[in-house]
There are 2 protein chains.
Amino acid sequence: MDPHLLTTFVTVARHGSFSAAAAELGYTQSAVSQQIAALEADLGLALLGRRPVKPTAAGRRLLEHAGPLLLRLRAARADVLRAAAVPGHRLRLAATPLALNPVLAMRLARARAAQPRLEVTLHTRGAQEVAAMVAGGEADLGLADGIVAPSDPLRLPDTGPITTVGVTEEELVVALEAGHPLAGRASLRLADLVDARWLQTPLCPLTRLRDLVGEGFPVALDYRGDDVRTVANLVAAGHGLTLLPASALPPTPTAMAARGVPLGAPRLVHRVELLHGALPPGPAADLAHALSG
Amino acid sequence: MDPHLLTTFVTVARHGSFSAAAAELGYTQSAVSQQIAALEADLGLALLGRRPVKPTAAGRRLLEHAGPLLLRLRAARADVLRAAAVPGHRLRLAATPLALNPVLAMRLARARAAQPRLEVTLHTRGAQEVAAMVAGGEADLGLADGIVAPSDPLRLPDTGPITTVGVTEEELVVALEAGHPLAGRASLRLADLVDARWLQTPLCPLTRLRDLVGEGFPVALDYRGDDVRTVANLVAAGHGLTLLPASALPPTPTAMAARGVPLGAPRLVHRVELLHGALPPGPAADLAHALSG
DNA sequence: GCTAGTTACGGCGTCCGTAAGGATC
DNA sequence: GATCCTTACGGACGCCGTAACTAGC
């Protein structure tokens, strides 16, 4: 159960190929084969079926543990190093596409104005990756967003010892094309839209809506990307509906733009949370404070 | 950050000595010294001060991560092996001293009567150890107890992927000596007892009461053991008060025995939870079902 | 000078790479 | 027969033990 072997194992499982994993990890096929053999010998179990290379039942079980385990290992290392590091003036942020909303962008700007020497780099990633980057020390601060009932916390995957604090909550709107029959309404009830045509996007996964409201929400178009403007254009062209924070749509819609109709019921908000590890006094802690408002 | 080195590190930190850790781990002093040196070199930080051997700030931080990390590693291994193991007729239970109350003892007896070939071994341990044994696969089922508001879950330390289900909740009594001025009351309010003389015991840690009610609960005697009868005898002899599940005191008190006065307020119960990992069909699953009632 | 951790050095085991060997499509 | 994993073998490195060294009490 050497982490080294575990890493190789998850890589092989992910690629479904020893040789591809070897290429990614910088080993030879042979080394990977030996590592898997060693892991299987250690546990006394077959973890992978060969030809095709596919996890066995035991292998799938181990895979469920291996990811979080390796993440926690990196997180521990990062945390110890972070606590001992001298705070520099380089800050690495990671945020989901909708997390850096106007309010937070403004707070970030104010914080930077107060500390002109601060160098900031920002990465856009998925929520899980943001959490993993913060836990693993690749980012100092993370921002993740999601749709929840007011003042409920986001349900982020467990990625180890991370602190999360809510920073903003914003009204949600149903985004639909300008000519849509419902576009003129003052507000909409989600329950009335279970049979509408919906966009499946990472920004508003329909599984989340089903969790909150129940079955329904058929997929009219599945967008596998994270560009908000693309989503807005898809909506405007009538490909389907989606839920967005009000600030993600232009305030004065043109003829070609998507309309946002406030979501009346259920009471849901777009929540953004700040993620961080231990914060020794320094620019990271200052910025965390600034972003929290 | 090899788990091997981590294990050595926590052992050294626990003993405050390289040589003692070496003896426990079956290494030479020299090997331990080299392992710690390797870990410190890997992180680029001093983890232990020498003479006396004591963790540095970074070392303390690493210690906080190392324990859970190593536990999860063992837990992952145990889980994979457990899922693949053929169910035998040997069952290992671990329980806190107050967890195997009369109700559960009876359920266990019924389950054993139904499966006469079942061999059961039972260990009494602290709650954290019970959880660790279950997570690490050293026990098939665990029982842990604690004091909570009705139907609240116990707050067990995070010991990895473990399932917990409540199995019993029982009335709590204030245990006090027969001649105590309050012994005749029909019920007592905990808030009125914040200034009484209390026993500090692992069975009813006063910190828990302070969590629930607030400051107070001075320590009159600190018992570092887990024997319920000893606690009852201490109470009977007037060393102090404690909280016990009603079933832990004899139902018809003699002159020398401790009295139990029902706890009227706040509404608290003695809750027992069953802990287990993944349960493939077999005796362990059957017993878990039997214990759940 | 005694106790306890560190450093030097040598042997053994581990792990990887090269290359040949099978198994499956 | 091509692809892909496994096995055999050799070299390098890592890790531990013995033993000499050193720092505090």
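Residues numbered from 1 in each chain as written. Chains lettered and ligands numbered in written order. Predicted model: local features only at pLDDT ≥ 70, side-chain atom pairs only at ≥ 80, totals over all residues. Heavy atoms only, no water.

(A) The arrangement of the relation of the copies chain A and chain B in detail. Least-squares fitting of chain A to chain B yields an RMSD of 0.1 Å, with the superposition described by an axial translation of 0.1 Å and a rotation of 180 degrees. Those values place the two copies in the arrangement expected of a two-fold rotation axis. In this assembly the copies share their binding face: 100% of the residues contributing to the interface of chain A also contribute to that of chain B. (Least-squares fit on C-alpha atoms with pLDDT ≥ 70 in both. Contact = heavy atoms within 4.5 Å.)

(B) Main features of the domain arrangement of chain A. Residue and element names in this part refer to chain A. Structurally, chain A comprises domain 1 (3-83) and domain 2 (89-293). On the side of domain 2, 14 residues touch domain 1, which itself brings seven residues to the contact. The contact between domain 1 and domain 2 buries some 840 Å² in all, and 58% of this surface belongs to carbon and sulfur atoms. Per-residue buried area on domain 1 facing domain 2 is highest for Leu71, Arg72 and Arg82; these three make up 60% of the total on that side. Put simply, domain 1 and domain 2 have one salt bridge between them. Joining domain 1 to domain 2, the criterion identifies one residue pair in polar contact (both at pLDDT 80 or more). (Domains from an automatic or database assignment. Buried area = accessible area lost by both parts, 1.4 Å probe. Salt bridge = Lys/Arg side-chain N within 4 Å of Asp/Glu carboxyl O. Polar contact = N/O pair within 3.5 Å; in protein donor to acceptor, adjacent residues only side chain to side chain.)

(C) Structural detail: the pattern of salt bridges. Within the structure shown, the criterion is met by 26 salt bridges over all chains. Among the ionic pairs, aspartate 211 of chain B bridges to arginine 155 of chain B, the shortest N-O distance being 3.8 Å. On the criterion of sequence distance, the pair formed by aspartate 211 of chain B in helix α7 (residues 206-213) and arginine 155 of chain B in the loop between β5 (141-148) and β6 (163-176) is long-range, its members being 56 residues apart. Assigned by exposure class, aspartate 211 of chain B and arginine 155 of chain B land together as exposed. Residues joined in a network through salt bridges with shared partners are Arg61 of chain A together with Asp79 and Arg82 of chain B. (Helix = DSSP H or I, 4+ residues; strand = E, 2+ residues; numbered from the N terminus. Buried < 20%, exposed > 50% of the residue type's maximum accessible area, 1.4 Å probe, protein only.)

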